[in-house]
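Architecture and fold: a report
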Amino acid sequence: YSVADMGRHDHGGRAPGGAASTVPVDELTVPGDREADVRLTLTAAQGRFTLASGRELDGYTLNGSSPGPAIRAVQGQLVEVTLENASVPDGVTLHWHGVDVPGAMDGAAGVTQDAVGVGESFVYRFVADQAGTFWYHSHQVSHEQVLGGLLGPLVITPAAGAGADVDALALAHLYGGKRTVNGRDGEDRVAAEPGDTVRVRVVNTDFGVMPVWVDGAPFHVAAVDGTDLHGPEAIEGVAVEVAAGGRSDLVFTVPESGAVRVNLSGAALLVGEGGVAASEPPGDVLDLLHYGTKAPVGLDLATADREFAFGIGRRPGFLDGKPGFWWTVNGAMAPDVPMFTVAYGDVVRMRIANDSGEAHPMHLHGHHAVVLSRDGVAATGSPWWVDSLEVRDGEEFEIAFVADNPGIWMDHCHNLPHAAEGLVAHLVYE
Ligand code: C2O
Ligand code: CU
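Since we're looking at a predicted model, the values are computed, not measured.

This next bit is on the overall build of the protein chain. Scanning the protein chain from N- to C-terminus turns up 2 helices and 33 strands. Here the C-alpha radius of gyration of the protein chain, 21 Å, is about what a compact globule of 430 residues would show, namely 22 Å. Structurally, the protein chain occupies a C-alpha span of about 60 × 50 × 50 Å along its principal axes. The 430 residues of the protein chain split such that 48% are buried. Once local pairs closer than 6 in sequence are excluded, the contacts in the protein chain between residues at least 24 apart make up 76%.

Before going further, it helps to examine the UniProt feature "domain: Plastocyanin-like" (unreviewed entry) in the protein chain. The UniProt feature table records "domain: Plastocyanin-like" (unreviewed entry) at residues 50-159 and 327-429. For the annotated span residues 50-159, helix accounts for 4% and strand for 39% of the residues, and the straight-line distance between the end C-alpha atoms is 35 Å. Counting secondary structure, residues 327-429 comes out at 5% helix and 50% strand; the distance between its end C-alpha atoms is 25 Å.

Moving on to the domain arrangement of the protein chain. For interface size, the figure often reported is the accessible area lost on association. Split into domains, the protein chain comes out as domain 1 (5-27 + 296-429), domain 2 (38-157) and domain 3 (166-286). With centres defined by C-alpha atoms, the gap from domain 1 to domain 2 works out at 25 Å. At the junction of the two partners, domain 1 supplies 15 residues and domain 2 supplies 11 residues. Elements with a contribution of two residues or more to the side of domain 1 that touches domain 2: strand 32 (408-413) and helix 2 (416-420). With 4 residues, the top contributor of residues to the side of domain 1 that touches domain 2 is helix 2. Here the residues of the side of domain 1 that touches domain 2 are counted per class, giving 7 nonpolar, 6 polar and 2 charged.

A few words now on the nonpolar core. Counting 115 residues, the largest nonpolar core has A170, V262, L264 and V271 as the members making the most contacts within it. Filtering out sequence-adjacent residues up to four positions away, V262 remains in contact with A170, V200, V212, V214, L250, A268, L269 and V271.

Within the open sheet, the 5 strands sit side by side as 13-21-20-15-18. Their pairing is mixed. Strand pairing shows two members of the sheet lacking a second neighbour, strand 13 (187-190) and strand 18 (240-242), which therefore form its edges. With direction set aside, neighbouring strand axes in the sheet form an average angle of 25°. Relative to strand 20 (residues 259-263), strand 15 (residues 210-215) is paired through 3 bridges, and the arrangement is antiparallel.

Each value, and the rule that gives it
Residues numbered from 1 in each chain as written. Chains lettered and ligands numbered in written order. Predicted model: local features only at pLDDT ≥ 70, side-chain atom pairs only at ≥ 80, totals over all residues. Helix = DSSP H or I, 4+ residues; strand = E, 2+ residues; numbered from the N terminus. Rg over C-alpha atoms; globule rule 2.2 N^0.38 Å. Buried ≥ 20, exposed ≤ 12 C-beta atoms within 10 Å, placed from the backbone. Contact = placed C-beta atoms within 7 Å. UniProt positions renumbered as here; feature names shortened; annotations may be inferred. Domains from an automatic or database assignment. Nonpolar A, V, L, I, M, F, W, Y, C, P; charged D, E, K, R; others polar. Core = buried A, V, L, I, M, F, W, Y, C linked by C-beta atoms within 7 Å. Pairing = 2+ DSSP bridges. Axes fitted to C-alpha atoms, helices over the stretch in contact; angles between N-to-C directions.

Structure, rendered in structure tokens:
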């Protein structure tokens, strides 16, 4: 196999094994004696439940409902969630998708913890130090448990507030193959007055990319994957694609007519009073590679310490002794995919090339990466930080990130059946 690690370039100013590889203690642990600011218990159960809109389903709930409760924290607060498993036979965990929590809190069953069995519990503690839109979900048999409803939204607001009069959630999920918004079939509604600025936090919990578009007002994309964009321009009649697992915060002002419709491809969030006729999805799609204005990324990319290739393919072989047509990473099949090895403080560049015949929404745990280029075309817009990146067949992205969160981190496709079919790699700290 082509070894994933294409080598480490030594560069001036940093002795190998020197000061830069000393890990600050707070990257590894959350102070046990610190009081939690946000504390709740989430009880997972399997069984029949009713969506907010009345439809009955078989699946999974947290505290009796799906989606689970919205967790809201202010930046800097300590969040403590006790997960209890009342009746999920396969066991459960909670992964804080997009939050770069300490490794032990990542909720990756079989990697950072064992799944929590029936009658057991696990306490997650992390400091909510990134303001933005996130979500949580089980990371045990995730292709079934996420599909079946073991998920919920997580919003971290800056201490100064979200900067909008109305701060709304639009969590999209397909229950029984039908798209819902905030657990409702069809439409959900949030109150707002003409003149109000509104931030709609769109969360795509499904396995495929979701086009989102807005009727009734121009809008801008304020943030992607929990990170604000720099200088985003107002747009109209353009669709915004949200990758599986990804988030997009849309900001607009409610017009005199009183209502705005945020379309989620089969469901919608209505903002304000009255209705707005649903439109067809616009043919134009926003290209985040060239959206917003340039700003420093805070990474010295000229001196990358590691360069990795992440080549996605597909071929026949055996996975867990089972013959099939499985996904490959750099030609290798799970569990033989070499780990990507980094040292604390490394600047890492990764080339993700998809030559597999299908799109893959790639999700890296514990880190945010900035997109440098797509198919050799350099990014010219705002720094575009991602944790969930849609990589279409034939595309090649170059991304970069800082290895600043020690642990073992999954890097996998968020079309979760694909992850179960082998599209999983790991990032490990030496
Ligand atoms: Cu949202 Cu490894 O997952
Ligand atoms: Cu995939």
